[in-house]
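As a plain string of letters, each chain reads:
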Amino acid sequence: MRNTLQLFVAVATFAVASPVLSAEPLPSWNEGSAKRAILEFVERATKQGGPEFIPPADRIAVFDNDGTLWSEKPVYVQAAFAVDRIKALAANHPEWKETQPFKGILEGDLKAALAGGEKALVDVVNKSHSGLTTEEFQTVVKDWIAAARHPTLGRPYNELTYQPMRELLAYLRANGFKTYIVSGGGVEFMRVWAEEAYGIPPEQVIGSSGKTEFEIRDGKPVLVKLPAIDFVDDGPGKPVNINKIIGRRPVAAFGNSDGDLQMLQWTTAGSGLRFGLIVHHTDADREFAYDRESPIGRLDKALDLAPAAGWVVVDMKADWKVVFPQPK
């Protein structure tokens with residue numbers, strides 16, 4: 001009775017973010033080695049009394065976001081948000097017309113804007129994300145995500161989540177797993193929409209963060225976003241942040257790029273049953289095809305290490321029946 005109740009609660013919780021679960025697990029996945037590997041892992045992990053049984057408290061699964069749960073091309077979604085935010089703020093900053101990287105953004109020349117590399121990107125993020133209270137920032141993001149459209153696919157960004165991965169999240173939760181986002185994206189940016197999109201509540205979203213400061217504004221205590229980076233949750237920063245925030249080593253990790261390599265390595269190096277999965281973007285017709293040479297979502301070293309590490313590599317074109325949910 002207890003297991004039945006837990007299953008009902010898990011499915012009901014996910015209902016806000018996904019259609020009703022099919023009787024068939026992972027209905028948007030084609031039959032093949034990737035789907036079999038997922039089903040076998042969950043069966044082994046949840047078999048009461050089995051040699052590889054994982055207690056529910058240890059069933060922690062971590063997911064990268066960009067390129068793993070939703071589309072990241074032609075630019076990261078948060079970068080598109082930052083660009084639009086700079087344009088919206090430009091009237092109050094006439095000096096930006098003559099100063100890179102803002103000059104390039106305002107002229108529509110992103111190549112020139114980002115010629116300054118990481119420093120230019122940090123400048124854009126700092127100027128576009130700071131000065132607001134955390135509540136004001138949430139409102140700005142919510143309004144933007146409701147109005148913005150992908151430049152080539154033409155749909156709202158939060159409709160460009162991957163249907164097969166949403167089903168995977170639901171399937172894991174229905175089997176007693178706790179699912180987390182662990183992304184290089186900004187934690188406060190993702191928390192605004194992640195629960196509706198994936199069924200993952202704000203406290204289970206881990207990401208890069210900016211510094212904040214306590215203030216009293218108009219007699220009310222608030223947290224104000226500062227123009228400074230606090231922590232970059234990418235590459236080796238991911239396992240560091242997982243350990244700091246979750247306090248348990250995950251048993252399953254899901255990514256799509258070399259930025260997820262250390263998270264995959266650390267997760268699957270633990271004792272007992274482990275699982276690692278890489279989403280390989282191979283479908284230029286339904287989404288995008290890219291890997292080793294891509295400046296965004298580069299998948300090179302992790303792809304080479306996957307066979308020996310035992311990580312599942314999902315061929316998006318071959319393994320997924322559909323990529324995105326049906327338009328609303």
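Residues numbered from 1 in each chain as written. Predicted model: local features only at pLDDT ≥ 70, side-chain atom pairs only at ≥ 80, totals over all residues. Heavy atoms only, no water.

### Comments concerning the pattern of salt bridges
All chains considered together, the criterion is met by 14 salt bridges. Its salt-bridge partner being Lys119, residue Asp123 comes within 3.2 Å of it at the nearest N-O pair. On the criterion of helical spacing, the pair formed by Asp123 and Lys119 is a turn pair, its members being four residues apart in helix H6 (residues 117-129). Taking the relative accessible area as the measure of exposure, Lys119 reaches 61% and is therefore exposed. Note that Asp300 is salt-bridged to Arg292, the shortest N-O span being 2.6 Å. With relative accessibility at 29%, the residue Asp300 sits in the partly exposed group. Taken together, the shared-partner salt bridges connect Glu24, Glu31 and Lys35 into one network. (Salt bridge = Lys/Arg side-chain N within 4 Å of Asp/Glu carboxyl O. Helix = DSSP H or I, 4+ residues; strand = E, 2+ residues; numbered from the N terminus. Buried < 20%, exposed > 50% of the residue type's maximum accessible area, 1.4 Å probe, protein only.)

### Comments concerning the packing of helix H11 (residues 237-245) against helix H12 (residues 261-268)
As a packed pair, H11 and H12 sit with axes 7 Å apart at the nearest point and diverge in direction by 50°. Classified by the angle between their axes, H11 and H12 sit oblique to one another. Within the contact between the two elements, H11 uses Lys238, Pro239, Ile242 and Asn243 and H12 uses Gln262, Met263 and Trp266. Of the residues that constitute the contact of H11 with H12, the class distribution is four nonpolar, two polar and one charged. (Axes fitted to C-alpha atoms, helices over the stretch in contact; angles between N-to-C directions. Parallel < 35°, antiparallel > 145°, perpendicular 65-115°, else oblique. Contact = heavy atoms within 4.5 Å. Nonpolar A, V, L, I, M, F, W, Y, C, P; charged D, E, K, R; others polar.)

### Looking at helix H13 (residues 301-309)
For H13, the complete set of buried residues consists of Ala302, Leu303 and Ala306. Projected down its long axis, H13 shows its buried positions confined to an angular sector of 95°, all on one face. Taken together, the buried residues of H13 touch H12, strand E6 (275-280) and strand E7 (312-315). Two residues or fewer after H13 comes Gly310, characterised by a positive phi angle close to 80°. (Arc of directions from axis to C-beta.)

### Digging into the side chain of Asn241
Structurally, the position occupied by Asn241 is in helix H11. Looking at Asn241, the relative accessible area reads 3%, which means it is buried. Here Asp233 takes part through its side chain, which lies 3.0 Å from a polar atom of the side chain of Asn241. If sequence neighbours within four positions are ignored, Asn241 has contacts with Ile206, Gly207, Phe231, Asp233 and Ile246. (Polar contact = N/O pair within 3.5 Å; in protein donor to acceptor, adjacent residues only side chain to side chain.)

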